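The primary structure of each chain is shown beneath.
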Amino acid sequence: MDSRVEALDDRLAELPDTILIHILSFLPTLDSVRTMLLKPFGTLWTSLPSLDFDDSSFDIWYNTSPHHLNASEDIGDDDDDGCSTLNRAFFIFVQNVLARHRRPKITRFRVSISDTFYYCIQQGNLSHELDSWIDFALRKNVQILEFSVGMVEPEEPQYKLPHTEFVSDSITELKLEIIGISLQTRFQLGLLRVLKLMFVEISNSVFREIIRGCPVLKELEIEDCFLWEQLIIDAPNLEKLILNISICYDARVIINCPNLKSFYFTGNVNCLELQDLSSLVDVRFNLSSQNMEFKEFEQFIAVLKPVVSAKFVSFSCEFVTVFFYCMEKHLPQLSLNWKRVKLSMWLTEMHIPGLRQMLRSSPYLEELVIDVTSWHSDLLQPIESKLNNCSINDEDCCSNSLKSVVIYNASMCSYPCLVHLISSLLKNATVLAELVIYYKADGESLYESVLSSEQWTELSNNLLTFPRKRVELSMWLMEKHILGLCRMLRSSPYLEELVIDVTSWHRNFRQPIDSELNNCNMDEEDSCSSSLKIVVIFKVSMCSYSCLVYLICSLLKNATVLAELVIYYKADDKSLYENILSSEQWTEFPNNFLTFPRASQHVIVSLFKEI
């Protein structure tokens, strides 16, 4: 084993220092420093491009390392200042790393201090140590600075930034967690693009100075900060805002960001005042149900109106319920520009009218994702009781652009409700191309299923019988298949568009089934949907002339409102199979076409050699 280690050391020693330092940069700082015991690395850790200090990981190493047994001789045991031997060891470790670091610039500097360690810092009046660490990062022209200090008791003061001037021309990303910022601190970060404030105590006057000092700020995240007054977010260049004010019930946040593209919000909407959000594209609302009352609806509507022009939206269960109520009662004529919608919702019969109203008001909607939730707030019951009185006709209640629908956790809704929803979608979504339903999102749900496995099986078996407006079929087209096709058309009274892609590929195991089709028979009369308006057939070169004539005759004879029939001879010239319908037969076909009887005299027929 020793010889193998020596051989590895020799191979590593052949690498240039820049490569070895790059390797060290992927390790935690503590492990990088420990490589000094390995011959190829030596003191290369002093040139690390990033430094990461986390006292929780140091705790694990310290308690499992045999070296800590002698630490009390160098550091001393617990003193009156409340700083334990472990915490003093961490202080000394950080001080030694910073003192020996020789790289002139660093890309990332991260400090994470636990609650216990920060209590030690408070008791020992050691905040100046943290000040020196921030000084180090600024001197090294750090690009990414993350500083997180442990939680404190409400009566204890937060750690505050030490500088009267926090100035840097190098920082592009700054994250401050559980840190106080006083009015005396001047912010001037000319290159800062990302700012994250978490559990930070901040006033509007201080926040205004921060925004002024960050002229190119693009992304702002404010999470559970202590806001005791009005906060104005007026940032002309801001493009992404993540705002979580779920712990602030009395604060008011005013947002005026004309270039904002993404807005993710968690909290009560009565805290919000949205002004100029004219560039908004992506919106996510997680509405907190705490203290929810009907008087909030007026403010909810005021918040909703600037959001309607977004393209992609995602709403939580509480938001969906209030939103449906507002659409049905207060905003029935509201037009939504959304292209993709994700709803986390408690799916019951009382919610489906609101869902249909949303679909009818979304002419550009292409993708709908529903995540059925089993969690439900009792505070929503007064609102849901109002939903029971809402009603809307099932006809014309779906977006004309809806192409994809995905439903997760269908096990959390009842069988009649799921059937109602799917039937409505298939019946009215004229361009729907994909419907995907998941019984469960995972196998570890905390709630019992509402939809049983037997009902799920029954739904799967009956799904093809649901009425729909548009059908796409990829099929091997022979005369015995046309009978089944006619039966399907007769059973589809709402079908308006039929697309057939004729395939030449065929599995042998289908032969017993195909043989049974020969025994099927039905009358040609009344063998087509009474609503069928458009038929498109691709690659008729893969079917026989007699079969094609049979199919076209049947369609023209029985489709009373057929307006358009489009037929393509080939999709391309690179087919792996020989044509069944010859070019001569395809040329002959149009000559005989006009003699076919037809039920609709207004049908437009288009024949194309290729796509």
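Residues numbered from 1 in each chain as written. Predicted model: local features only at pLDDT ≥ 70, side-chain atom pairs only at ≥ 80, totals over all residues. Heavy atoms only, no water.

**Considerations on the overall build of the chain**
Looking only at helices and strands, the chain features 19 helices and 26 strands. Excluding contacts between residues fewer than 6 apart, the proportion of contacts in the chain whose partners are at least 24 apart in sequence is 68%. About 30,000 Å² of surface is accessible on the chain, with carbon and sulfur atoms providing 49% of the total. (Helix = DSSP H or I, 4+ residues; strand = E, 2+ residues; numbered from the N terminus. Contact = heavy atoms within 4.5 Å. Areas by Shrake-Rupley, 256 points an atom, 1.4 Å probe, with all protein chains shown as cover.)

**Examining the packing of aromatic side chains**
Considering all chains together, one arrives at 25 aromatic pairs under this definition. The interplanar angle of 75 degrees and the centroid separation of 6.2 Å between the aromatic rings of Phe53 and Phe93 together place this pair among those described as edge-to-face. Of the two residues, Phe53 sits in strand β1 (residues 50-54) while Phe93 sits in helix α6 (residues 85-100), which places them 40 residues apart along the sequence. Both rings, one in Phe265 and one in Phe285, keep their centres 5.4 Å apart while their planes meet at 55 degrees; by these two values the pair is tilted. Taken together, the residues span a long stretch of sequence, with Phe265 in strand β14 (residues 262-267) and Phe285 in strand β16 (residues 282-287) at a distance of 20 residues. Classification of Phe285 by relative accessible area gives buried; the value is 2%. By the ring-pair criterion, three or more aromatic residues cluster together here, those being Phe263, Phe265, Phe285, Phe315, Phe319, Phe323, Phe324 and Trp338. Directly above the aromatic system of Tyr264 lies the positively charged group of Arg284, at a separation of 4.1 Å from the ring centroid. (Phe/Tyr/Trp six-rings, centres within 6.5 Å; stacked < 30°, edge-to-face > 60°. Buried < 20%, exposed > 50% of the residue type's maximum accessible area, 1.4 Å probe, protein only. Lys NZ or Arg CZ within 6 Å of the ring centre and 35° of its normal.)

**Points about the confidence of the model for the chain**
Residues with a pLDDT of 70 or more make up 78% of the chain, whose mean pLDDT is 79. Counting interchain partners and residues more than four positions distant, the pLDDT-below-50 stretch residues 66-78 has 16 contacts. (pLDDT = per-residue confidence, 0-100.)

**Observations regarding the sheet that holds strand β11 (residues 231-233)**
Strands sit in the order β11-β13-β15 across an open sheet of 3 strands; the sheet is parallel. Looking at the sheet topology across the chains shown, the edges are occupied by β11 and β15 (272-274). The average undirected angle you get between the axes of adjacent strands in this sheet is 15 degrees. Judged from the 3 bridges that link them, β11 and strand β13 (residues 253-255) form a sheet pairing that is parallel. In the sheet register, Leu231 faces β13, and the bridge partner there is Val253. (Pairing = 2+ DSSP bridges. Axes fitted to C-alpha atoms, helices over the stretch in contact; angles between N-to-C directions.)

**Some points on the pairing of strand β5 (residues 165-168)**
Burial along β5 is one-sided: Phe166 and Ser168 are buried, and none of Glu165 and Val167, which face the opposite way, are. Here β5 pairs with strand β8 (residues 186-189) via 4 bridges, running parallel. Bridged to Ser168 within β8 is Leu189.

**Digging into the packing of helix α12 (residues 352-360) against helix α14 (residues 415-428)**
For the pair α12 and α14, interaxial distance at closest approach is 11 Å and the crossing angle is 15 degrees. When the axis of α12 is compared with that of α14, the two are roughly parallel. Handedness of the α12/α14 crossing: right-handed. Judged by residue contacts, Ile352, Leu355, Arg356 and Leu359 of α12 engage Cys417, His420, Leu421, Ser424 and Leu425 from α14. Of the residues in the contact of α12 with α14, the class split is 6 nonpolar, 2 polar and 1 charged. (Parallel < 35°, antiparallel > 145°, perpendicular 65-115°, else oblique. Left-handed = near helix turned anticlockwise from the far one by under 90°. Nonpolar A, V, L, I, M, F, W, Y, C, P; charged D, E, K, R; others polar.)

**Examining the packing of helix α16 (residues 479-490) against helix α18 (residues 545-558)**
Here α16 crosses α18 at 15 degrees, and the two axes come no closer than 10 Å. One way to sum up the angle between α16 and α18 is to call them roughly parallel. Crossing geometry of α16 relative to α18 is assigned as right-handed. Note on element contacts: α18 touches α16 through Ser546, Cys547, Tyr550, Leu551, Ser554 and Leu555, opposite Glu479, Ile482, Leu483, Leu485, Cys486 and Leu489. Class assignment for the residues of the contact of α16 with α18 results in 9 nonpolar, 2 polar and 1 charged.

**Structural notes on the sheet that holds strand β22 (residues 470-475)**
A sheet is described by the order of its strands in space; here 5 strands give the open sequence β22-β23-β24-β25-β26, paired in parallel fashion. Two strands in the sheet have a free side with no partner beyond their single neighbour: β22 and β26 (604-610). Going from strand to strand, the sheet's axes swing by 10 degrees on average, the running direction of each strand aside. Where strand β25 (residues 564-570) meets β26, 6 bridges bridge the pair, whose relative direction is parallel. Bridging from a neighbouring strand, Lys570 pairs with Glu610 of β26.

**Let's talk about the nonpolar core**
Core analysis: the biggest nonpolar cluster contains 139 residues, and Phe109, Trp133, Phe147, Ile255, Phe263, Phe285 and Met358 have the highest contact counts within it. Element by element, the count of residues in this core is highest for helix α11 (residues 317-329), at 8 residues. With residues up to four places along the chain from it excluded, the contact list for Phe109 reads Leu51, Phe53, Leu98, Trp133, Phe136, Ala137, Val142, Ile144, Leu145, Glu146 and Phe147. In this structure, Met475, Ile552, Leu555 and Phe589 belong to the second largest nonpolar core, which totals 36 residues. (Core = buried A, V, L, I, M, F, W, Y, C linked by side-chain atoms within 4.5 Å.)

**With respect to α14**
Taking 1.5 Å of rise per residue, 14 residues should cover 20 Å, and α14 covers 20 Å from first to last C-alpha, within 8% of that figure. Here α14 lies mainly inside the structure; 11 of its 14 residues are buried. The set of residues buried in α14 consists of Tyr415, Cys417, Leu418, Leu421, Ile422, Ser423, Ser424, Leu425, Leu426, Lys427 and Asn428. Elements that come into contact with the buried residues of α14 comprise α12, β19 (367-372), β20 (404-408), β21 (434-437) and α15 (453-462). (Expected span 1.5 Å × (residues − 1).)

**Structural notes on the pattern of salt bridges**
Taken as a whole and judged by the stated rule, the model has 12 salt bridges. Salt-bridge contacts for Arg34 lead to Asp31; the nearest nitrogen and oxygen are separated by 3.4 Å. Highlighted residues: Arg34 and Asp31, both in helix α3 (residues 29-34), separated by 3 residues, approximately one helical turn. With relative accessibility at 42%, the residue Arg34 sits in the partly exposed group. Residues Lys218 and Glu239 are paired through a salt bridge, measuring 3.8 Å at the closest nitrogen-oxygen approach. A residue pair is termed long-range when its members are at least 10 positions apart, and Lys218 in the loop between α9 (204-212) and β10 (219-223) and Glu239 in the loop between β11 and β12 (240-244) qualify at 21 residues. For Lys218, a relative accessible area of 22% corresponds to the partly exposed category. Through salt bridges that share partners, Asp52, Asp54, Arg108, Arg110 and Glu146 make up one connected network. (Salt bridge = Lys/Arg side-chain N within 4 Å of Asp/Glu carboxyl O.)

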